[in-house]
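# A structural walkthrough
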Amino acid sequence: MRSCGWAGTILRVDLSSGAIERQPLEAGFARAFLGGQGFAEKLIFDACDFSERDPFSAKNVLCVAPGALSGTLTPGSGRLTVAVGLSPSLGGYLDANAGGGFASELKWANYDAIVITGQAPHPVYLRIADDQVELRDARQLWGKRVRECDHLLQHEVALTQYARLIIGPAGENRVHGSMPTCDLFRAPSAGSTGAVFGAKNLKAIVVKGTRGVPVARPAEAFAAFRAVYEKNRAEARFKRFGEQGTKWLVELSGTLTCQYNMQVRDFPYEHLSIERFRKEFASGSKACHACFQHCDHHWQINSGDFSGEQGSGGEAGTIIPLGPMCGVSDYATILHLTNLVNDLGLDSITAGCAVATAMHWWQEGLLTAADTGGLRLEWGDAQAEEQLILQIAERRGFGAVLAEGTFAAAGELARRRGLELARLTSLIRSNKKRREVPADFRPLKGMAFSRALDIRECDVLNTDTLMAEGNVDYERYRHIGVPEPVARQWADSYICNPMVFDDKSLAKFYSDNHLSVCNSLGICQRFTTWAQMRMGLEDIARCFSAVTGIDVTWEDLHQAGDRIRQLEQAMQLLHGFRKADDYFPDAYYNSPVTQGRFEGAELDRGEYTTELENLYRLRGWDKDGRPTAAHLHQAGLDDVAAKLRAVELLAP
Amino acid sequence: MKILAVDHTRCTGCRLCEIACSLHHDGVANPAAARLAIVRWEEEGLHVPAVCQQCDVAMCELVCQPHAIRRNPATAALVVNYELCIGCRMCVIGCPYGAMSVHPLGRPVLKCNLCDGEPRCVQFCETGALQYLEPQAVSFAKRSATARKLIGGES
Ligand code: SF4
Ligand code: SF4
């Protein structure tokens, strides 16, 4: 299919045989699954052997997919999906999402997705320059950190023209929380996708494209862009995101993270103020492709131990786990650690949670110098934190234990020390799917709901009920596709009260569909309601129609979003997840927060179940979360229904 | 006569200018077909727009044997006449700034023509890294910043 918007080709790479194939994109498939997340899900669903439980098996499927609108003029359309059939840390299908320039470059080279299977006999990297696609020897790159690998690649390809995904030692060593680093500083974090690259002996993918993406109606695309540009620029938050990224959220979030470690109550959050960052470190704004909001910043450290070091990134989601959660309040040290995790190819949330948990165990006397080989994990010791992060990525010392994830580490420690397992696991913040959650969300019901349910960690790119919570704004509800009468009702109801659980299932239903659409088209959340911006589903439909020449309404897109969520649920059921996995660990319920601004707030298990079952109902699932044949048929997913029926996972 | 002014310190590397350019001229979103290029150095966080300066003494014009590159008196832009262009690409080699390039798909060479006085790249540059200004205005911002520094204020 050679139409506008899409590139028209899916690239299939079998690392075992070295075979590289091009498969034409089918029009029906493209319209149903859009691109990005939707493509990755369906391509993986079709290729995945759900009986295989080893994520490091050659059979595991890896998919890299740009959004349907990536590479075009659509505002903020530069996001890339990186997905795996079986995530080592989740034990199910997982997709993660990164910004940067890779998604657009892949589109310009004319690929809508890369599906990677097999296992290379020795380390290789994939080089794509338009229709030249080749696997090259990467033995000389193996063992190298991301930046060094980048420097070495520079000798082989002119890197200023290439976009690149590179794994560091963490991915090579199949570490929990590893990811490929995109353009040095961007992370499709979550799910340990880097470990799957590592197991496949795939060190990197570099891409350059000069074919471009044809746009069906350029004048209309210009107009659609202009409309979003003007609306978003008029928002108060616009300037703030441009100047401060998400770093201004660090101080704000302080109250939420305070439960991770007891001492955090008196943590000097003012050391991590956005004013300090801007004054002492920021050296320039940076944007992903096609983004006029430029929330990223390059920074430089000008004094102290790390003087001269520079880098980018350091979202609130990086600074909080690497800093306050481990008791570290020196900004320069946290930025240095940010560079370190990017360079090792380790996601900052997982790494920070692992260190914080170990420090917590240490503090409780559950972990001692005898277990850590002498490394003293005192809370707030940045050097110890750095050592432990290195040990994790390189699987040395106690790091080798934590490299399997905090739950596995708790099990190992319990066995070695003869401790009660529950004492160790009770200090891990996670949901039942055993994904670390870097904050205590008990006070914020919708957020808590999402964190418990979702396949990804604390990730506003996958779900975000907060776009409904806290926004008493009819317009914004419309933006995520809430039908008019419902939106009117919401605008003056308790649904926007984050402290109340009622109707959060509705908020989640609409926001999930909306986010699936965005992730499939490659559109960044910071353009839409999450960041209180004004790019709504209608604007998105307008961009989509102008670029592809296929006229769609926001309702069509909303339905596509539902289809993508149906497929995701089907895959998780096939991987063995059940209703019980849609909860937090038991200890999380009916136990109030004991300190801080939200003292007394708690999550009621009964309320939780009500909303969970409501959400299932909205999706057309039974009360155990199983889809019905009728609903799947309506969504055009008969093949999915057939696969579920064969293993009796379809609702009766 | 306005000129296309570049302030690379403001460039975020979003590359919207490239897409706006190629979409306007060729109906395709393709930086390789754009008449300007953004060079990104990820590690240093540097993004530098490489843009035609429409030089007074223009090498591209001088090296062009069939005289296919001529100045448009309305905009002062040097414009390629594709009827005359023989595709020898000497202009691409001759330009000291790398501001010209070879088209990946269609026309032999690519050169900025200032969109006949309405440069699209400028319209899509949020930060003002690219601006279309009267010549006096180009140095004004820098002058006033320097002057402020001289009297001891913040620049
Ligand atoms: S193409 Fe190069 S030489 Fe010609 S006018 Fe532009 S900058 Fe000058
Ligand atoms: S539009 Fe402006 S900020 Fe964006 S890349 Fe071009 S010059 Fe830089």
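Look above for the structure.
Residues numbered from 1 in each chain as written. Chains lettered and ligands numbered in written order. Predicted model: local features only at pLDDT ≥ 70, side-chain atom pairs only at ≥ 80, totals over all residues. Heavy atoms only, no water.

Attention now moves to the site of ligand 2. In the vicinity of ligand 2 there are 13 residues, among which Cys11(B), Cys14(B), Arg15(B), Cys17(B) and Cys125(B) approach most closely. Here the residues of the shell around ligand 2 sort into nine nonpolar, three polar and one charged. (Near = heavy atom within 4 Å. Nonpolar A, V, L, I, M, F, W, Y, C, P; charged D, E, K, R; others polar.)

Residue and element names in this part refer to chain A. Here we have three strands laid out as an open sheet, ordered 13-14-15, and antiparallel in their pairing. If you trace the sheet from one side to the other, it starts and ends with strand 13 (282-286) and strand 15 (310-312), each paired once. Across this sheet, the average inter-strand angle for adjacent strands is 20°, counted without regard to direction. Bridging between strand 14 (residues 296-300) and strand 15 involves three bridges; their strand directions are antiparallel. (Pairing = 2+ DSSP bridges. Helix = DSSP H or I, 4+ residues; strand = E, 2+ residues; numbered from the N terminus. Axes fitted to C-alpha atoms, helices over the stretch in contact; angles between N-to-C directions.)

This brings us to the site of ligand 1. Residues in close proximity to ligand 1 total 13 residues, the closest being Cys52(B), Gln53(B), Cys55(B), Cys60(B) and Cys95(B). Taken together, the residues that form the shell around ligand 1 break down as ten nonpolar, two polar and one charged.

Let's shift gears to the pairing of strand 9 (residues 163-166) of chain A. Residues and elements named next belong to chain A. Alternating positions in strand 9 separate into two faces, Ala163 and Leu165 on one and Arg164 and Ile166 on the other, with burial throughout. Relative to strand 11 (residues 202-208), strand 9 runs antiparallel, the two being bridged by four bridges. Residue pairing across strands places Ile166 opposite Ala204, the latter belonging to strand 11. Sheet topology places strand 9 next to strand 10 (residues 181-182); two bridges connect them, and they run antiparallel. Note on strand 10: the bridge partner recorded for Leu165 is Cys182. (Buried < 20%, exposed > 50% of the residue type's maximum accessible area, 1.4 Å probe, protein only.)

To continue, consider the packing of helix 12 (residues 331-344) of chain A against helix 15 (residues 382-394) of chain A. Residue and element names in this part refer to chain A. Running from N to C, helix 12 and helix 15 point in directions that differ by 5°, and their axes come no closer than 11 Å. Between helix 12 and helix 15, the angle falls in the class roughly parallel. Taken together, the residues of helix 15 that come into contact with helix 12 (itself represented by Thr333, His336, Leu337, Leu340, Val341 and Leu344) are Ala382, Glu385, Glu386, Ile389, Leu390 and Ala393. Here the contact of helix 12 with helix 15 is built from residues that sort into eight nonpolar, two polar and two charged. (Parallel < 35°, antiparallel > 145°, perpendicular 65-115°, else oblique. Contact = heavy atoms within 4.5 Å.)

Interface extent is often summarised as the accessible area lost during association of the parts. Tallying the contact residues gives 36 residues for chain A and 31 residues for chain B. For the pair chain A and chain B, the two sides together bury roughly 2,700 Å², of which 61% comes from carbon and sulfur. Here Lys286(A) makes a salt bridge to Glu42(B), at a shortest N to O gap of 3.4 Å. Linking chain A with chain B are 13 residue pairs in polar contact (both at pLDDT 80 or more), by the criterion used here. Put simply, the parts of the chain that give the side of chain A that touches chain B at least two residues each are helix 3 (102-108), helix 4 (146-154), strand 12 (213-214), helix 7 (218-233) and strand 13 of chain A. (Buried area = accessible area lost by both parts, 1.4 Å probe. Salt bridge = Lys/Arg side-chain N within 4 Å of Asp/Glu carboxyl O. Polar contact = N/O pair within 3.5 Å; in protein donor to acceptor, adjacent residues only side chain to side chain.)

Residue and element names in this part refer to chain A. One open sheet accounts for six strands, arranged 2-1-6-3-4-5; its pairing is mixed. The open sheet has two edge strands with one neighbour each: strand 2 (19-24) and strand 5 (94-98). Going across the sheet, the axis of each strand differs from the next one's by a mean of 15°, ignoring polarity. Strand direction decides the pairing type here: strand 1 (residues 9-14) and strand 6 (residues 113-117), joined by five bridges, are parallel. Bridge pairing links Leu11 to Ile114 in strand 6. Packed onto the sheet, helix 2 (residues 36-47) meets strand 1, strand 3 (62-66), strand 4 (80-84), strand 5 and strand 6 and runs at close to 20° relative to strand 4.

Along the chain, Ser178(A) falls in the loop between helix 5 (169-172) and strand 10. Put simply, Ser178(A) and Asp440(A) are 262 residues apart on the chain and 23 Å apart in space, counted from C-alpha to C-alpha.

This brings us to the packing of helix 22 (residues 504-521) of chain A against helix 25 (residues 605-618) of chain A. Helix-helix packing: each pair is described by the crossing angle between the helix axes and the interaxial distance. Residues and elements named next belong to chain A. Axis separation between helix 22 and helix 25 bottoms out at 8 Å; the angle between their running directions is 40°. Looking at the two axes, helix 22 sits oblique to helix 25. Note on packing geometry: the crossing formed by helix 22 with helix 25 is right-handed. Judged by residue contacts, Lys504, Ser505, Leu506, Lys508 and Phe509 of helix 22 engage Glu611, Asn614, Leu615 and Leu618 from helix 25. Split into classes, the residues belonging to the contact of helix 22 with helix 25 amount to four nonpolar, two polar and three charged. (Left-handed = near helix turned anticlockwise from the far one by under 90°.)

Note that all results are geometric; they support no functional claim without further evidence.
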